[in-house]
Amino acid sequence: MKKVKVAIIGSGPAGYTAAIYCGRANLSPTLYEGFFSGPAGGQLMTTTEVENYPGFPEGVTGPELMENMRKQALRFGTHILTDDVHEVDFSKYPYVVKGKQFSCEAESIIIATGATAKRLEIPGAGEGEFWQKGVTACAVCDGAAPIFRNGKLYVIGGGDSAVEEATYLTKFASKVYIVHRRDKLRASKIMQKRALTHPKVEVLWDSVIESIEGDSVVRKVRIKNVRTGHEAYHDAAGVFFAIGHTPNADFLKGQLELHDNGYIKVVPGTTKTSVDLVFACGDVQDHVYRQAISAAGTGCMAAIEAERELSLRGLIE
């Protein structure tokens, strides 16, 4: 079994940035970029236009940004495996990383497996339909896109995230509707007040979106009142899921300390986890910001911390 200084599990901005920094530090990192578990490059691979990543004044597509990061990681000597990690054994050292095809012993591990946005199975919302053509799960990432400007936007959810996303979208929309299947919001009192008093926000109580329709982009939604059964079509420029994310940490099988919401717990101000020489970066440990730039920043932190800890233990010169 091959022995490596650093094994990076996951790609995307966090994983690739960690690989770039580890590579430049001559740590010869091995990166498992995924395969069946999701597209290599993470959530940005399904994002068309990225307009808020610094350095691209005209914007850049998600796949193009990730491909450039991947090439940069390769340039500095990263060994990339197109493989899924299904298990990591922290009970012995060096740690054993078990991929479906390739396994290795690692003196340090950086986990960058991200999180997956929760979505509902609504006709028209899926891949090959209107996903990323007016349907998305991140208002901050996509809300400023031209297709949403001055249009009627619909946010699905009833918690703090839904209210926060709806409020953010008022900067661009003519009207924002929160579609909630109950007669009360789950959001905190202060967040509820923010939504219920905003002139551009309206809550559609006891309602669900039955279908999303359009041509090349979203044009309308069919909304049903679950109490009365009444259905009606409404003009729409976009639909935003705001029902939470699931951190991709199941493969760890409880070996690391987690927050109550399932995200990996790190020492504040660092990427250090509850296990020595194991670091977590990107959305798998960040349930607050969830942005490409913040993920890349923590990827940098994880690489620097891994190098320092290995050096302190005399494992590298």
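Residues numbered from 1 in each chain as written. Predicted model: local features only at pLDDT ≥ 70, side-chain atom pairs only at ≥ 80, totals over all residues. Heavy atoms only, no water.

S.K.: What should I look at first to understand the pairing of strand β1 (residues 2-9) in this one?
M.R.: Note on strand geometry: in a regular strand, side chains alternate between the two faces of the sheet. Pairing between β1 and strand β8 (residues 103-111): seven bridges, direction parallel. What sits directly across from alanine 7, in β8, is isoleucine 109. Summarising the sheet, β1 and strand β2 (residues 30-32) pair through three bridges and their orientation is parallel. Looking at β2, one finds that isoleucine 9 is bridged to tyrosine 32. (Pairing = 2+ DSSP bridges. Helix = DSSP H or I, 4+ residues; strand = E, 2+ residues; numbered from the N terminus.)

S.K.: Any chance you could explain the state of the cysteines here in plain terms?
M.R.: By definition, a disulfide links the sulfur atoms of two cysteines through a covalent bond. Tallied over the full model, the rule gives one disulfide. Bridging cysteine 138 to cysteine 141, the disulfide has an S-S length of 2.1 Å. The chirality of the disulfide connecting cysteine 138 with cysteine 141 is right-handed, given an S-S dihedral of about 65 degrees. In this structure cysteine 141 comes out as partly exposed when scored by relative accessible area, which is 28%. Lacking any disulfide linkage, cysteine 281 is separated from the closest cysteine sulfur, that of cysteine 22, by 9.2 Å. Judged by relative accessible area, which is 0%, cysteine 281 ranks as buried. Unpaired in terms of disulfides, cysteine 300 finds its nearest cysteine sulfur in cysteine 22, a separation of 9.9 Å. For cysteine 300, a relative accessible area of 17% gives the class buried. (Disulfide = S-S within 2.5 Å. Buried < 20%, exposed > 50% of the residue type's maximum accessible area, 1.4 Å probe, protein only.)

S.K.: Can you help me understand the sheet that holds strand β12 (residues 175-179) in this one?
M.R.: Think of a sheet as strands paired side by side through backbone hydrogen bonds, with each pair either parallel or antiparallel. One open sheet accounts for five strands, arranged β10-β17-β11-β12-β13; its pairing is parallel. Of all the strands in the sheet, just β10 (135-136) and β13 (201-204) have a single pairing partner and so form its edges. Looking at chain direction, β12 and β13 are connected through four bridges and run parallel. From the neighbouring strand, valine 179 faces β13, where its bridge partner is leucine 204.

None of this, on its own, says anything about what the molecule does.
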